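# Examination of the molecular architecture
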Amino acid sequence: MERYDFSAVEKKWQAYWEEHNTFRAENGSSKPKYYALVEFPYPSGSGMHVGHIKAYSGLEVVSRKRRLQGYNVLFPIGFDAYGLPTENTAIKTGVHPRQVTDNNIEKFSSQLKRVGFSFDWSRVVDTTDEDYYKWTQWIFLKMFENGLVFRDTTLVNYCPSCKVVLSNEDSQGGKCDICHSDIVQKNKEVWYLRITEYADKLLEGLKDVDYLPNIKLQQENWIGKSTGAFVNFSIKENDEKLRIYTTRPDTLYGVTFMVIAPEHPIIEKYRDSIKNIDELDAYKAECAKKSEFERTQLVKDKTGVKIDGITAINPITEKEIPVYISDYVMMGYGTGAIMAVPAHDTRDYDFAKKFGIDIIEVIKGGNIAEEAYTGDGEMVNSDILNGIDNKKEAIEKMLEVLAEKGIGEKGVQYKMKDWAFNRQRYWGEPIPIVHCPDCGMVAVPYEELPLKLPPVENFQPGSDGESPLAKIDSFVNCKCPKCGKDAKRETDTMPQWAGSSWYFLRYCDPNNAEAFASKEALEYWMPVDWYNGGMEHVTRHMIYSRFWHKFLYDIKETNTSEPYAKRTAQGLILGSDGEKMSKSRGNVVDPNDVVDEFGADVLRLYVLFMGDYEQAAPWSENSMKGCKRFLDKVWAMQEKITEGEEYSDKLRSAMHKTIKKVSEDIESLKFNTAIAMMMTLLNEVSAAGSMNKAEYRTLLMLLNPFAPHITEELYQVMGYEGVLNEQSWPEYDEALCIDSTIEIAVQINGKIKAKLNIPAEASQDEVLAMAKADADVAAAIDGKNIVKEIYVKGRLVNIVAK
RNA sequence: GCGGAUGUGGUGGAAUUGGCAGACACGCCAGACUUAGGAUCUGGUGAGUAAUCGUGCAGGUUCAAGUCCUGUCAUCCGCACCA
């Protein structure tokens, strides 16, 4: 036997798979289909790190197992290549983003191929490819046609460093998701997708899918549905109604003031009749200086200014109440105005204390002299509601009253906001809209798609927040598709998330020139059976892509309402220092280095063995050695294989148990214990001296999805028939997983006193008799009364004696 | 503040869901083979001399608790003045 030359063997089988198109998925096959999807990478200049490898290895194992189980498997890969880092590289180096992208994709592909992933390389998609983004634009136009696209001038999240407007999702925590600079607020006209129209559908759809519970929860929280009421408060000085949203209509009797956001339009409208307008303007200016992040920090010390000239009337008590502006009320949620109930809301309480406003208790149960009471209880000081429970009855009753009097109605609000859909940068899909002075916004005709990204000299964005495209006259100036007059093209591009919102559909039929995918292909492949990716994409990419897919379903372009039947998430690989891997910390591990030193099979095995797949785990080169040793032992075992077409008596139950464990653990992402079980089997074999041909063959089959190169090679070396990847997954028999003799523990009063080898079939009485015959046990119960005897089949005996 | 997760040997982590805690692996110790070992093989390895004690901490339920209940602490990750 020669020493295992992993490098040569891995190259050999990778070449074989490529030559034989081993992992090509077949459209229209009669086999059952299985669609396993992993998140396609952003091809950055630094290449992949081992985190990518872990992210793909999970469904890689599932895919290889499914093929052995007789499925026609679609396990595709592609590149989500539009985005700022590439463009920034282009600006810095002067190399065109197209070239940068091609180089990076090349690098990523070669890294992936070296690991031996069984992707269908004939279906690679690249979101920056004209044949791909043609359909991204096409879907955008369909949305435009269906009223889901609009422009609005609002305060937007703007990153001064990247010079782009960001969505809420991209500016969480007040930091730019790309460069981590502080976000500032800017008034700008930008594009939006009306994702809020799908809020309910996105929420409802979660009932029908198999996502991990915490993934569902995160999405639910992100959508943030709340139910309550809209109530109109009259203004004493004029005919205006101040409309508010509340989830607590039960507390209307406790409303002692109102607060509106500093940007609330009512201030501008009644500017002339507000006596302290200078003071309000000064406060507004003060607020505008704060970043969104500062403003949303929960602060105990509330600020605000009373509006002198606008007084509201509580529609239930008909009492006059003051109106304040304060930055703790946001224009972006509800109506930008609130009714304040200081007795039962901590923010209103803080504000009332500071400004000396009345606090009226309307729900019993707390001590409002000390703090706001936000719990439930019996209504007081509330006229018609007195004495009833606030949750059970008061809300319902108040809603009836509001409806009767015509001053309010039931309402629903979402935390999710419409999707700011634009970047003022070059490297993205051009938005296919023309601005015509007469016709307004006009869609580029479908037959003119793709609207190609024009070549430019200078990718640097304008300092005024204009896209570099705005500087190219030949691109900007065009004719209106509707009336033919001179018009101007939109120069914003789409945000990074656009291309990834539908890529899983393109994989089904990647070369289709007539449609984003054929109906037949979608019918056959969709939905994705299992989607695995990172937790960080649960509230962005996942929500966006579900939205696009649901829209396409509604216009009858797709056949399933949900794109992903099942979703799981892998844990991060941390650096060996226990910190998140990052270039700046210098703890990044390059898969190429590992493949060079240990081989692809060891890398694959280790990323799955290092811990719970769904949990974060630190990288350890030492631990990886264990995987290397295991594969070396599997290799060395070839010399000790004896003849035998059936499992031997000695190893039969071990074989069945191993098949069962590995088969089941793969399905529940418990790769670490699946691998441990195979190691255990090999240890047992080493102790027994040998295994036979049938047993070895099964071990190779089970190990194949994890370590495909070495197992294929051994399969060939051993002279088994055909190639391994064309065989079938081993079967097990539940009945044969049981050993004939088992060891059980004997406890006296819960303490272990002895171990006993018994026949598996022994009855309770027989086992107890055997237990009592044991010398240690007999000594322990000598002279005591046996109170209770418990036998847990196959596990233990517990005798309670006093 | 709200929500979620996690807490087990020197380390990464197992534990059939209430039934022998520490599988598997790393590391370490001893031995073998070697001119050599950061290679390989064999054995040992939670703590304690012992009885015993041990799953973040304090209680509780149970014949039996890492697992269930109550309280509490710590770490990590989301969201964050959401009316």
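Everything here concerns the structure above.
In what follows, the accompanying structure is described. Throughout, residues of each chain are indexed from 1 in the direction in which the sequence is written. Each chain takes a letter, starting from A, and each ligand takes a number, starting from 1, following the order in which they are written. The predicted nature of this model means local features are confined to residues of pLDDT at least 70 and side-chain atom pairs, given and counted, to a pLDDT of 80 or more, with totals for whole chains, interfaces and linings taken over all residues. The basis for the side-chain values is all heavy atoms of the structure; hydrogens and waters are excluded.

A helix here means a DSSP run of H or I that spans at least four residues, while a strand means a run of E at least two residues long, and both kinds are numbered starting from the N terminus. When you go through chain A residue by residue, the secondary structure sums to 25 helices and 28 strands. Three exposure classes are used, based on accessible area relative to the maximum for each residue type with a 1.4 Å probe and protein chains only: buried under 20%, partly exposed in between, and exposed over 50%. The buried share of chain A, taken over its 802 residues, is 55%. Summarising the internal contacts of chain A: among those between residues at least 6 apart in sequence, 72% fall at separations of at least 24. What sets the accessible areas is the Shrake-Rupley method with a 1.4 Å probe; for residues, cover comes only from the shown protein chains. Total accessible area computed for chain A in this model is approximately 34,900 Å², and 47% of it derives from carbon and sulfur atoms. Charged-residue counts in this description rest on Lys and Arg as positive and Asp and Glu as negative, His and the chain ends being excluded. A charged residue contributes its charge at one atom only: NZ of Lys, CZ of Arg, CG of Asp or CD of Glu. Across chain A, the mean location of the 98 positive side-chain charges is 2 Å away from that of the 122 negative side-chain charges. Whether two residues are in contact is decided by their heavy atoms: any pair within 4.5 Å suffices.

Strand pairing follows a simple DSSP-based rule, namely that at least 2 bridges must link the two strands. Bridge count for strand β17 (residues 433-436) against strand β18 (residues 440-443) is four bridges, and the pairing is antiparallel. Looking at β18, one finds that V434 is bridged to V442. Counted along the chain from β17 to the antiparallel partner β18, the turn is three residues long.

Pairing is antiparallel in the open sheet, where four strands are placed in the order β6-β5-β7-β16. Bordering the open sheet on either side are β6 (164-166) and β16 (419-420), each of which pairs with just one other strand. The pairing of strand β7 (residues 184-193) with β16 spans two bridges and is antiparallel. Within β16, the residue paired with L193 across the bridge is W419.

Quick look at the sheet that holds strand β28 (residues 796-801) now. Within the open sheet, the four strands sit side by side as β26-β25-β28-β27. Their pairing is mixed. Because the sheet does not close on itself, it has two edges, and the strands there are β26 (751-759) and β27 (786-792). Taken pair by pair, the neighbouring strands of this sheet meet at an average axis angle of 20°, ignoring direction. Pairing of strand β25 (residues 741-748) with β26 involves eight bridges; the strand directions are antiparallel. Within the sheet, the bridge partner assigned to V746 lies in β26 and is A754. Note on method: axes are straight lines fitted to C-alpha atoms, helices fitted across the in-contact stretch only, with angles between N-to-C directions ranging 0 to 180 degrees.

The next subject is the state of the cysteines. Disulfides are defined in this document as cysteine sulfur pairs within 2.5 Å. Enumeration over the complete set of coordinates arrives at zero disulfides. The closest cysteine sulfur to the non-disulfide-bonded C436 is located on C480, 3.6 Å from its own sulfur.

So, on to the pattern of salt bridges. By convention in these notes, a salt bridge is any Lys or Arg side-chain nitrogen within 4 Å of a carboxyl oxygen on Asp or Glu. As enumerated under the stated definition, the model contains 40 salt bridges in all. Residue K12 pairs with E713 through a salt bridge whose shortest N-O separation is 2.8 Å. With a gap of 701 residues between them, K12 in helix α1 (residues 6-20) and E713 in helix α23 (residues 708-717) connect regions that are remote in the sequence. In this structure, K65 engages E667 in a salt bridge whose closest nitrogen and oxygen atoms are separated by 2.6 Å. In this pair, K65 is assigned in helix α2 (residues 50-68) and E667 in helix α20 (residues 652-667), connecting sequence segments 602 residues apart. Residue K65 is classed as buried on the basis of its relative accessible area of 3%.

The next point concerns helix α17 (residues 591-598). Three or more residues of α17 are buried, namely P591, N592, V594, V595 and F598. Burial along α17 is one-sided: seen end-on, the buried residues are contained in an arc of 165°. Of the surrounding secondary structure, the elements contacted by the buried residues of α17 are α1, α2, α4 (97-115), α18 (600-609) and α19 (621-637). Structurally, the start of α17 carries an N-cap: the backbone nitrogen of N592 is 2.8 Å from a side-chain oxygen of D590. The reported arc concerns the directions from the helix axis to the C-beta atoms and nothing else. Here a polar contact is taken to be a pair of N or O atoms separated by no more than 3.5 Å, where protein atoms must pair a possible hydrogen donor with a possible acceptor and residues adjacent in sequence count only if both atoms sit in side chains.

Think of a pair of aromatic rings as described by two things: how far the centres are apart, and how the planes are tilted against each other in angle. Side-chain rings of Phe, Tyr and Trp, where Trp is taken by its six-membered ring, are said to pair if the distance between their centres is within 6.5 Å; with planes under 30 degrees apart they count as stacked, over 60 as edge-to-face, and otherwise as tilted. Here the structure, examined in full by the defined rule, presents 47 aromatic pairs. Relative to W525, the ring of Y524 lies with its centre 4.7 Å away and its plane at 80°, an arrangement referred to as edge-to-face. The same class applies to Y524 as to W525, namely buried. Ring centres 4.5 Å apart and planes at 40° place the aromatic pair Y531 and Y564 in the tilted group. Of the two residues, Y531 is situated in strand β21 (residues 530-533) and Y564 in the loop between α16 (541-554) and β22 (566-569); the sequence distance between them amounts to 33 residues. Exposure class is identical for Y531 and Y564. Each is buried. Members of the aromatic cluster, joined through ring pairs, are F140, W191, Y198, W419, F421, W497, Y544, F547 and W548. Two conditions define a charge located above a ring, namely a distance within 6 Å from the ring centre to NZ of Lys or CZ of Arg, and an angle within 35 degrees of the ring normal. Lying across the ring of W530, K566 places its NZ or CZ 3.8 Å from the centre. Over the face of the ring belonging to Y531 we find R567, whose NZ or CZ atom lies 4.7 Å from the ring centre.

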